[in-house]
Amino acid sequence: MGLKRKVKAWFLSFFRDIFVYHNSSLEFRAKLLAVIIGANRCIDECETDLLSEIAKEIYPDDEARFDVLVNTTKEYVKKIIEHNGLDLNELLMSIHCDLKEVKRFHEKIDIAQLERFLVCSENDEETYITQVRIIEFLENAIKDFNKLR
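So, a few notes on the structure that sits alongside this text. Just so we're clear, the structure is a prediction, and the values are computed from it rather than from any experiment.

What counts, and at which threshold
Residues numbered from 1 in each chain as written. Predicted model: local features only at pLDDT ≥ 70, side-chain atom pairs only at ≥ 80, totals over all residues. Heavy atoms only, no water. Helix = DSSP H or I, 4+ residues; strand = E, 2+ residues; numbered from the N terminus. Expected span 1.5 Å × (residues − 1). Contact = heavy atoms within 4.5 Å. Polar contact = N/O pair within 3.5 Å; in protein donor to acceptor, adjacent residues only side chain to side chain. Salt bridge = Lys/Arg side-chain N within 4 Å of Asp/Glu carboxyl O. Buried < 20%, exposed > 50% of the residue type's maximum accessible area, 1.4 Å probe, protein only. Disulfide = S-S within 2.5 Å.

A closer look at helix 6 (residues 88–101)
Consideration 1: Across its 14 residues, helix 6 extends 20 Å between first and last C-alpha, which sits within 8% of the 20 Å expected from 1.5 Å per residue.
Consideration 2: Buried residues belonging to helix 6 abut helix 3 (23–38), helix 5 (63–81) and helix 8 (125–148).
Consideration 3: Between the side-chain oxygen at the start of helix 6 and the backbone nitrogen of Asn89 there is a gap of 3.1 Å, and the oxygen is on Asp87.

Right, dumping it as structure tokens:
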């Protein structure tokens, strides 16, 4: 990524509330990705590569939104890892509240995308189990929403 693109990505990430169209949707997606990655308590090459792949799938024609999604997700993960005012339970509660408030967010949950991160934690049973439980929580949220329709 070139310097100009990095500066633009940083600027848009920092001021995403103002300059990014449908910021709440992007923010919600970042939370979903961060809660799965954050369960691993690190963001290594496996997570970084998958995050980039998934962000590219979500925003294939919008480089700026791609960059903002990646940066926002990494921000959340960093807060989880450093115990900087955010942990997995708090992030899951935030996701739960978002789902209650904005019904269209249920459609943003792509379980298959999230399950791809399980590969990164195959050698760490505790992380793997935590990620599976997070996915189950999200699957149940989708089921509950679909029952109410």
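Once you've had a look at it, read on.
Examining the pattern of salt bridges
Consideration 1: A complete count under the given rule lists 3 salt bridges for this structure.
Consideration 2: Residue Lys31 pairs with Asp98 through a salt bridge whose shortest N-O separation is 2.8 Å. Of the two residues, Lys31 is situated in helix 3 and Asp98 in helix 6; the sequence distance between them amounts to 67 residues. Each member of the pair, Lys31 as well as Asp98, carries the same accessibility label: buried.
Consideration 3: Note that Arg116 and Glu57 form a salt bridge whose closest N and O atoms lie 3.0 Å from each other. Here Glu57 lies in helix 4 (residues 45–58) and Arg116 lies in the loop between helix 7 (111–115) and helix 8, a separation of 59 residues in the sequence.
Consideration 4: We classify Arg116 as partly exposed; its relative accessible area is 26%.
Consideration 5: Note on Glu57: relative accessible area 42%, which makes it partly exposed.

Looking at unusual backbone geometry
Consideration 1: The phi angle at Arg41 is positive, at roughly 60°, despite the residue not being glycine.
Consideration 2: Within the secondary structure, Arg41 is located in the loop between helix 3 and helix 4.
Consideration 3: Among the residues examined, Arg41 registers a relative accessible area of 40% and is labelled partly exposed.

Examining the side chain of Arg65
Consideration 1: Within the element layout of this structure, Arg65 appears in helix 5.
Consideration 2: Within the structure, the side chain of Arg65 is placed 3.4 Å from the side chain of Tyr59, a separation counted as a polar contact.

Focus: the environment of Ile129
Consideration 1: By the element assignment, Ile129 lies in helix 8.
Consideration 2: On a C-alpha basis, the gap between Ile129 and Leu118 in space is 9.2 Å, while along the polypeptide they are 11 residues apart.

Remarks on the state of the cysteines
Consideration 1: Counted under the stated rule, the structure contains 1 disulfide.
Consideration 2: Disulfide pairing is shown between Cys46 and Cys120; the S-S distance is 1.9 Å. An S-S torsion of about -80° defines the bridge between Cys46 and Cys120 as left-handed. Residue Cys46 is found in helix 4, and its partner Cys120 is found in the loop between helix 7 and helix 8; the two are separated by 74 residues along the sequence.

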